[in-house]
Structures are given as C-alpha cells and as structure tokens.
Amino acid sequence: MPVMAAMAISPRKIFLFLVFAGAIGLLLAFHKPSRKKLLQAPKLLFEGKGTGVLKPPAGFDPTAATIPVVISTDEGRLMGAVAAINSIATNSKSPVKFYLITDKEAEDHLEQWIMKTRLHSINHEIIVFDEDWVKGKINVRGGRQELASPLNYARFYLPKLLPPDFNGKVIYLDDDVIVQGDITQLYNTKIDETLVMAFSEDCNTVSNRFGLFMNTYANYINFGNENVKKLGMKPGTCSFNTGVFVANMSEWKSQKITDKLEFWTALNTEENVYGAQQGGGGSQPPMMIVFYNQYTKIDPMWHIRHLGWTAGTRYSKQFIMEAKLLHWNGRFKPWGRTSQHMEAWERYYIPDPTGKFQLTRKFRVF
C-alpha cells in the first residue's frame, strides 16, 4: 500500500500533462513544414536581385588593360557561372573580357541570363566547346562521374578556344567560384620565365590548415604505372588545384601543352594512370603530370578552396570575408540545399530570368 501511494499521480498533474500534450499536437498539426518549403526558396527572398545597372567599384580605371577571364560551364551549372561572372564584374577595378565556354544546349540560355539581367553590359563572348576533341579520351574511375563532363576538359584547349592571335596571359576559373577581390591582382601574378602556369599549392598553411584534404601526388596518380614510373615524380610531392590558374598562352603554344595533356588523357583510357586514387580523376591529374614542379605559386588567399568537400563549416566567417577568391570544389555546391558559407555566394546570385532554374534552399516555418 505505501508503494502504491508513492506511485499515485494527482488529478491536477494528469490534467496539466494532457493540456501540454494537446498544445504540442496542435502546434505540429498547423506548423509542420511542407516539402515545398524545405526545398524551394521563397521568391521574395531574392526578388530584385540581378536587376538594375552594373556599377563598377570605387577606383575603377576604364583605361586600364582588359583582363581576359575564361569560365567553362554546362547547362546544369549555369547558376554558378553567372554568380562567378557577377562577382568578378562587381569587384574588378579593370575592364574584363569574359570568354564563356559552354555546350550547344546551354548557349542561348546563358546569353539570356546575361542580357536580361544587370550583366547585359559586360564584355563577353560565348564559345561552344567541340566535344569531339575529347571523344574517346575520357575515363573517370571512382564515384564522381560528373568529372567526365566534356566541359571539364575545356581548360586543356585554350589555344583553340581563344582568338588565334591571343598570346598574352589569361585567367581560367571553374564555375563554382566567387571572386571577392579585384581580379587585376590575380592577373598580375608574375609567372617565372619559361613557365606556363601559376597555380595555388595544396600544402600551404592556408589550404592545409585543417589537415583533412588530399594534398600529395600519391592521392591522384597511380605510381605503379610503368609510364608514370619513367617520369621520376615523387609520390609525396605537394599537389595543386587546377580550378583556378593564370596561364601564359605564348609559352603554352610554344611548349605544345595541349598535345601533352591529350597524351595522358588518352593513355588513361588504355591503362590505369590516374583516377582510382582518393583524390579522384577528371582533368586535374593530367595537368599535375604535365606541370610537375613547373609552375609559379599563386597567393594562397586567391584560392580558398575545399568549401564543397563537406557541408559543415570549417573556415571562420571572418576568414571567408578576407579571402579574395572562394572555391566550392567538391560535391556540396552553394546553389544546392547544403553547403558551407552559402551567404558569401548568395551576395552574387542572380535569378534565372527564364525561370527554368530555381535556387534550392532549406526553410522551416515555426
């Protein structure tokens, strides 16, 4: 009897419990987020972005030399490319000429996205990539089959894509970047004489600060391959990322770089040269082979990357604000539902004037 008395619950406590449970039930019934609210950003959130006139930043010099910038993109990634273009045009203190490499499917769509928004005044040329150039030369081993996109290899063919008489320096950028600094500074990177390229090294303190990312040749190249052994490369050599580079086109042509890159991509379809390692395949390993210990280093703040490798934040907000260029290399793109520091990318996002693409975001209503 004493035990039963101790376990007894008063009517008042039962009443309060039922009231509380009922309130929670009503709250969930009326405020449960729908799938639409979880996946589609409200139109009002980005209404008006991309309209109006593109205004140059303070200190813009219209008489300065024009900076040539190449960006390659396909239909599924136009949203990223347009944001990258907007960020460059917004922050550059020098005139910029954009060479936009895409496929036939995306050509008209990209032109509309430019001409019907605040970007209509930019100096640009849209060039359709000839996919026959890479036909039969692509073999991506591993999980990331998106790296097999022909446009991922457009960077190999700059001499064919740029005007025939183009012999100066050019900047190449992936379409998943945002430029927060004046791109004139990147263009002014001094490339050592007789060298073709300037890349950002993976082993510098900024890029390797978290120790989570692949940063040596052994993570990308099969050092058991006989043709690789003949090169005398060291597996522990620091790698570099090919999503951002400055190239000297005169030296590129002189050293027949495109032919060398094509040799390794074609060989990889016959032998296991690269792609089965942790770092993956795609267009990066051939460039690592061809430019082994033969490149100038870019200022690390001009290529803050790995933002797309994980969904969780690994850089502080202050550090992201100070970066000159942000790169969401990896699976988690800033135009997707989950990514790091999406707010930095959203500053330059321009809605698709055709309405074909909608920005994906998570929203909950309580």
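Residues numbered from 1 in each chain as written. Predicted model: local features only at pLDDT ≥ 70, side-chain atom pairs only at ≥ 80, totals over all residues. Heavy atoms only, no water.

(A) Molecular detail of the state of the cysteines. Counted according to the given criterion, the structure contains 1 disulfide. The disulfide partner of cysteine 203 is cysteine 238, and the gap between their sulfur atoms is 2.3 Å. With the S-S bond torsion at 115°, the cross-link from cysteine 203 to cysteine 238 turns out right-handed. With a gap of 35 residues between them, cysteine 203 in the loop between strand E6 (197–201) and helix H9 (226–229) and cysteine 238 in the loop between H9 and strand E7 (240–248) connect regions that are remote in the sequence. (Disulfide = S-S within 2.5 Å. Helix = DSSP H or I, 4+ residues; strand = E, 2+ residues; numbered from the N terminus.)

(B) Structural detail: the packing of aromatic side chains. Enumeration according to the criterion identifies 17 aromatic pairs in this entry. Judged by centre distance (6.0 Å) and plane angle (55°), the ring pair of phenylalanine 129 and tyrosine 157 falls under tilted. Here phenylalanine 129, found in the loop between strand E3 (123–128) and helix H7 (158–161), pairs with tyrosine 157, found in the loop between E3 and H7; they are 28 residues apart in sequence, far enough to count as distant. Just as phenylalanine 129 is buried, tyrosine 157 falls in that class too. Considering the side-chain rings of phenylalanine 199 and phenylalanine 240, the 4.2 Å spacing of their centres and the 20° angle between planes classify their relative orientation as stacked. Taken as a pair, phenylalanine 199 in strand E6 and phenylalanine 240 in strand E7 lie far apart in primary sequence, 41 residues in all. Per residue, the accessibility class of phenylalanine 199 equals that of phenylalanine 240, and both read buried. Aromatic ring contacts, followed pair by pair, group Tyr172, Phe199, Phe240, Phe245, Phe291 and Tyr295 into a single cluster. Across from the ring centre of tryptophan 133, 4.8 Å away, lies the NZ or CZ of lysine 160, which sits over that ring. (Phe/Tyr/Trp six-rings, centres within 6.5 Å; stacked < 30°, edge-to-face > 60°. Buried < 20%, exposed > 50% of the residue type's maximum accessible area, 1.4 Å probe, protein only. Lys NZ or Arg CZ within 6 Å of the ring centre and 35° of its normal.)

(C) Looking closely at the sheet that holds strand E1 (residues 67–72). Spatial strand order, E3-E2-E1-E4-E7-E6-E8: 7 strands in an open sheet with mixed pairing. What marks the edges here is a single partner per strand, and that holds for E3 and strand E8 (296–297). One ladder, built from 3 bridges, connects E1 with strand E4 (residues 169–173); its direction is parallel. Paired with valine 70 across the two strands is tyrosine 172, which belongs to E4. (Pairing = 2+ DSSP bridges.)

(D) Just unusual backbone geometry, in detail. Positive phi, normally seen in glycine, also occurs at threonine 194, with a value near 75°. Position of threonine 194 among the secondary structure elements: in the loop between helix H8 (183–187) and E6. Look at threonine 194 and you get exposed, because its relative accessible area is 51%.

(E) Structural detail: the pairing of E1. The buried count for E1 comes to 6 of 6 residues, which makes it a mostly enclosed element. Burial along E1 is two-sided: the face carrying Ile67, Val69 and Ile71 and the face carrying Pro68, Val70 and Ser72 are both buried. In terms of strand pairing, E1 meets strand E2 (residues 96–102) through 6 bridges, oriented parallel. When the sheet's bridge partners are listed, valine 70 is paired in E2 with tyrosine 99. The β-α-β motif built from E1, the intervening helix H5 (residues 78–91) and the parallel element E2 has right-handed crossover chirality. (Right-handed = clockwise from strand over helix to strand, strands pointing away.)

(F) Main features of the pairing of E2. Among the 7 residues that make up E2, 7 are buried, leaving the element largely enclosed by the rest of the structure. The alternating pattern of E2 places Val96, Phe98, Leu100 and Thr102 on one face and Lys97, Tyr99 and Ile101 on the opposite face, and all of these are buried. Crossover handedness for the path E2 to helix H6 (residues 104–115) to E3: right-handed.

(G) The arrangement of the confidence of the model for the chain in detail. Overall, the predicted model of the chain reaches an average pLDDT of 85, with 80% of residues at or above 70. The low-confidence segment residues 1–7, where pLDDT is below 50, has 0 contacts with residues more than four positions distant or belonging to other chains. A low-confidence stretch, residues 26–39 (pLDDT under 50), is modelled with 17 contacts involving residues beyond four sequence positions or located in other chains. (pLDDT = per-residue confidence, 0-100. Contact = heavy atoms within 4.5 Å.)

(H) How the structure looks around the pattern of salt bridges. In total, this model carries 11 salt bridges according to the counting rule given. Where lysine 333 meets aspartate 176, a salt bridge forms, and the shortest distance between an N and an O atom there is 2.5 Å. Linking lysine 333 in the loop between strand E9 (325–327) and helix H14 (342–346) with aspartate 176 in the loop between E4 and strand E5 (177–179), this pair joins segments that are 157 residues apart in sequence. Each member of the pair, lysine 333 as well as aspartate 176, carries the same accessibility label: buried. One salt-bridge network, held together by shared partners, links Arg77, Asp175, Asp176 and Lys333. (Salt bridge = Lys/Arg side-chain N within 4 Å of Asp/Glu carboxyl O.)

(I) Up close: the nonpolar core. Counting residues in hydrophobic clusters, the biggest one holds 55 residues, and the most contacted among them are Val69, Ile71, Ile88, Ile171, Leu173, Ile183 and Trp345. Sort the elements by how many residues they give to this core and H5 lands first, with 9 residues. Setting aside anything within four residues of it in sequence, one finds isoleucine 88 in contact with Val69, Ile71, Val96, Phe98, Leu173, Val179 and Ile183. (Core = buried A, V, L, I, M, F, W, Y, C linked by side-chain atoms within 4.5 Å.)

(J) Region of the structure containing H5. The terminal C-alpha atoms of H5 lie 20 Å apart, and with 14 residues this matches the ideal 20 Å at 1.5 Å per residue to within 8%. When you tally the buried positions in H5, you get 13 out of 14 residues, the bulk of the element. (Expected span 1.5 Å × (residues − 1).)

(K) Geometry of H6. For H6, spanning 12 residues, the distance from its first C-alpha to its last is 18 Å, which sits close to the expected 16 Å at 1.5 Å a residue. Those residues of H6 that sit buried are Ala106, His109, Leu110, Trp113 and Ile114. The arc that holds the buried residues of H6, viewed along the axis, is 135°, so those residues lie on one side. Away from its buried face, by an angle of more than 90 degrees, H6 presents the exposed residues Lys104 and Asp108. Lining the buried residues of H6 we find H5, E2 and E3. (Arc of directions from axis to C-beta.)

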